[in-house]
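Per-entry structural report
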Amino acid sequence: MSFEEADLGTHVVLAPEGKFNLVAAPPLKARIDDLVAAGRSRLVVDLGAVDFIDSSGLGALIGGLKSARQQGGDLRIAGAGDQVRAVLKLTNLDRILAPYDTVEEAVHDW
Amino acid sequence: MAMPASTGRQEAEALARNVPEERYDRVVRLAQAIFGAPIAALNLIGNDSQFTVASIGYPKGEMPAEDSVCHMTVQHQEILEVRDLREDERFASIPAVTGPPRVRFYAGVPVRGQSGQNVGALCILDLVPRTLGRQQREMLADLGALLERELAVQEEMDLAGQVQQLMLPTSAPDIAGVEVAGRVQPAREAGGDYFDWFVVDDPSGTGRRLQMVLGDVMGKGLAASLIASEVRAVLRGHSRYSDVGAAVAQTSTTTRHDLEANNRFSTLWVGRLDPATGALDYVDAGHGLAVIASQRGYRRLYQEYLPLGMPIEDSWDKASDVLGRDELLVVVSDGVFDVLDDSFDKAYAKLQEILDPELSCRQIVDRIVDYAVSHAATDDVTALAVRRT
């Protein structure tokens with residue numbers, strides 16, 4: 001799986017699509033780590049085109065959140081569909097990874 | 001066959017029982033293409049049978065070892081090449097030579113298992129007599145070495161899976177008044193799901209309790225299973241001296257470094273039941289998939305705590321419920337929930353079909369796991385069922 005990337009100056013938007021799982025998660029996580037290492041620690045993962053997430057996908061988001069916060073930034077998610085929201089809610093991870101409806105809302109204070 | 005069962009043959013039997021999709025096919029395809037032969041195969045030689053576990057131009061399956069050429073190849077350490085099988089008295093009368101596909105040419109390289117003994121051979125077959133040049137023989141030996149590596153990886157994975165299975169509780173807990181069963185079906189040889197149960201003396205001083213655990217470490221495979229083993233062992237240790245809330249909190253502290261360093265997290269559901277009264281203390285660390293069900297309905301045993309291994313601090317305090325005599329406690333992993341479209345109502349509808357007092361807990365977990373596996377679960381699948389007797 002590939003993912004789209006858009007550099008919007010104050011932040012970078014990453015948009016994976018399809019299944020965000022054991023196959024798709026590592027490349028996205030690696031890209032997040034590269035971005036954070038390059039000083040880009042305000043990140044939005046646009047999940048609008050993701051129809052399924054598993055624990056590996058969640059792991060990549062949490063790992064990305066952790067590295068972004070360590071560098072004084074943040075990782076936020078936007079556009080999550082029903083399945084993604086259900087999994088976030090089930091694991092209570094929506095407590096630390098609040099889903100925003102749109103990318104615009106996610107970056108409102110950046 | 002009159003040959004003694006050697007270590008290599010036992011090893012081949014074990015490998016043939018658990019053949020992963022695709023793992024050996026690539027090398028066999030490569031051999032077929034490089035040698036331009038109509039047939040290429042990896043044959044494992046067991047006690048009495050040859051198992052064709054990867055092949056091109058020849059069906060996979062089992063046949064008597066004495067009807068194969070490879071059973072001769074594994075008795076030596078070098079390539080066996082036969083220009084024309086029809087003219088070699090050792091092989092002229094075997095079925096593949098006298099009948100279809102009427103093979104003439106054979107070249108096979110023995111492949112060793114972890115024991116150092118040969119477990120099988122990579123072979124190429126042709127329908128016309130031919131000979132291999134020196135470089136071709138070297139190439140065949142290289143492909144054999146490549147397969148040895150694949151076999152070694154597979155054996156390691158199989159052993160890791162066995163170790164993990166052997167850590168699961170197998171016997172009924174030494175406490176009266178309760179029936180419990182669990183089952184894990186990892187997506188690969190080993191995985192991040194596990195269940196556990198054991199008897200503890202509750203620190204409240206009110207007697208013995210059955211502690212039941214279902215854990216799910218993010219990810220699949222060997223790496224996830226290593227972390228799962230750690231969480232299991234640490235939780236077991238802390239559970240001896242603490243109530244369930246404190247035990248989970250202490251487990252989080254003890255495993256924090258290892259979870260964070262590996263970028264893993266673990267959901268956990270831990271319950272502690274007094275079979276005599278049905279009193280149940282539990283902690284739900286981001287697992288969310290425990291219910292008490294009866295024909296009257298179901299209720300979730302759910303809390304809002306995070307899984308272990310998150311980048312922010314959390315606390316875990318126990319909640320309480322009572323397991324009625326006609327109720328069933330069921331905990332599953334998300335691999336089960338996924339095939340139920342992540343819907344509790346759908347899960348309960350399916351569960352109602354097996355809320356049968358005639359079914360044992362063992363049968364109930366088998367039904368749940370078999371259902372998930374037969375509905376194309378892609379994740380590890382685990383179920384735990386408990387009721388008072």
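Residues numbered from 1 in each chain as written. Chains lettered and ligands numbered in written order. Predicted model: local features only at pLDDT ≥ 70, side-chain atom pairs only at ≥ 80, totals over all residues.

1. Some thoughts on the interface of chain A and chain B
Taken together, the contacts link 20 residues of chain A with 20 residues of chain B. Looking at the side of chain A that touches chain B, the elements with two or more residues in it are helix 2 (55–70) and helix 3 (82–90) of chain A. For the side of chain A that touches chain B, the element with the most residues is helix 2 of chain A, which contributes nine residues. A class-by-class count of the residues in the side of chain A that touches chain B yields nine nonpolar, seven polar and four charged. (Contact = placed C-beta atoms within 7 Å. Helix = DSSP H or I, 4+ residues; strand = E, 2+ residues; numbered from the N terminus. Nonpolar A, V, L, I, M, F, W, Y, C, P; charged D, E, K, R; others polar.)

2. A look at the domain arrangement of chain B
Splitting chain B by domain gives domain 1 (7–159) and domain 2 (167–388). The straight-line distance from the C-alpha centre of domain 1 of chain B to that of domain 2 of chain B is 45 Å. (Domains from an automatic or database assignment.)

3. A look at the nonpolar core
Residue and element names in this part refer to chain B. Counting residues in each nonpolar core, the largest one holds 98 residues, and the members touching the most others are Val-330 and Ala-385. In this view, Ala-385 contacts Ala-181, Leu-328, Val-330, Cys-361, Ile-364 and Val-365; residues no more than four positions away in its chain are not counted. If you look at the next biggest cluster of nonpolar residues, it comprises 44 residues, including Leu-15, Ala-40, Val-103 and Tyr-106. (Core = buried A, V, L, I, M, F, W, Y, C linked by C-beta atoms within 7 Å. Buried ≥ 20, exposed ≤ 12 C-beta atoms within 10 Å, placed from the backbone.)

4. Remarks on the sheet that holds strand 13 (residues 297–300) of chain B
All names here are of chain B. Spatial ordering of the open sheet is given by 7-16-15-12-13, a layout of five strands whose pairing is antiparallel. Only two strands of the sheet have a single neighbouring strand rather than two, namely strand 7 (178–185) and strand 13. Sheet twist, expressed as the mean angle between neighbouring strand axes with direction ignored, is 20 degrees. Examined bridge by bridge, strand 12 (residues 290–294) and strand 15 (residues 328–332) share four bridges and lie antiparallel to one another. Counterpart to Ala-293 in the pairing with strand 15 is Leu-328. Against the sheet, helix 10 (residues 361–374) touches strand 7, strand 15 and strand 16 (381–388), its axis set at about 155 degrees to strand 16. (Pairing = 2+ DSSP bridges. Axes fitted to C-alpha atoms, helices over the stretch in contact; angles between N-to-C directions.)

5. Examining the pairing of strand 13 of chain B
Residue and element names in this part refer to chain B. Note that strand 12 and strand 13 share four bridges and pair antiparallel. Counterpart to Ile-292 in the pairing with strand 13 is Arg-299. The loop that links strand 12 with its antiparallel partner strand 13 comprises two residues.

6. Here's the deal with helix 5 (residues 134–166) of chain B
All names here are of chain B. The terminal C-alpha atoms of helix 5, which comprises 33 residues, lie 48 Å apart, in line with the 48 Å expected from a rise of 1.5 Å per residue. Looking only at helix 5, the buried set comprises Leu-140, Leu-143, Gly-144, Leu-147, Glu-148, Leu-151, Gln-154 and Gln-164. In this fold, the buried residues of helix 5 make contact with helix 1 (7–17), helix 2 (25–35), strand 1 (39–45), strand 5 (105–112), strand 6 (118–126) and helix 6 (221–239). (Expected span 1.5 Å × (residues − 1).)

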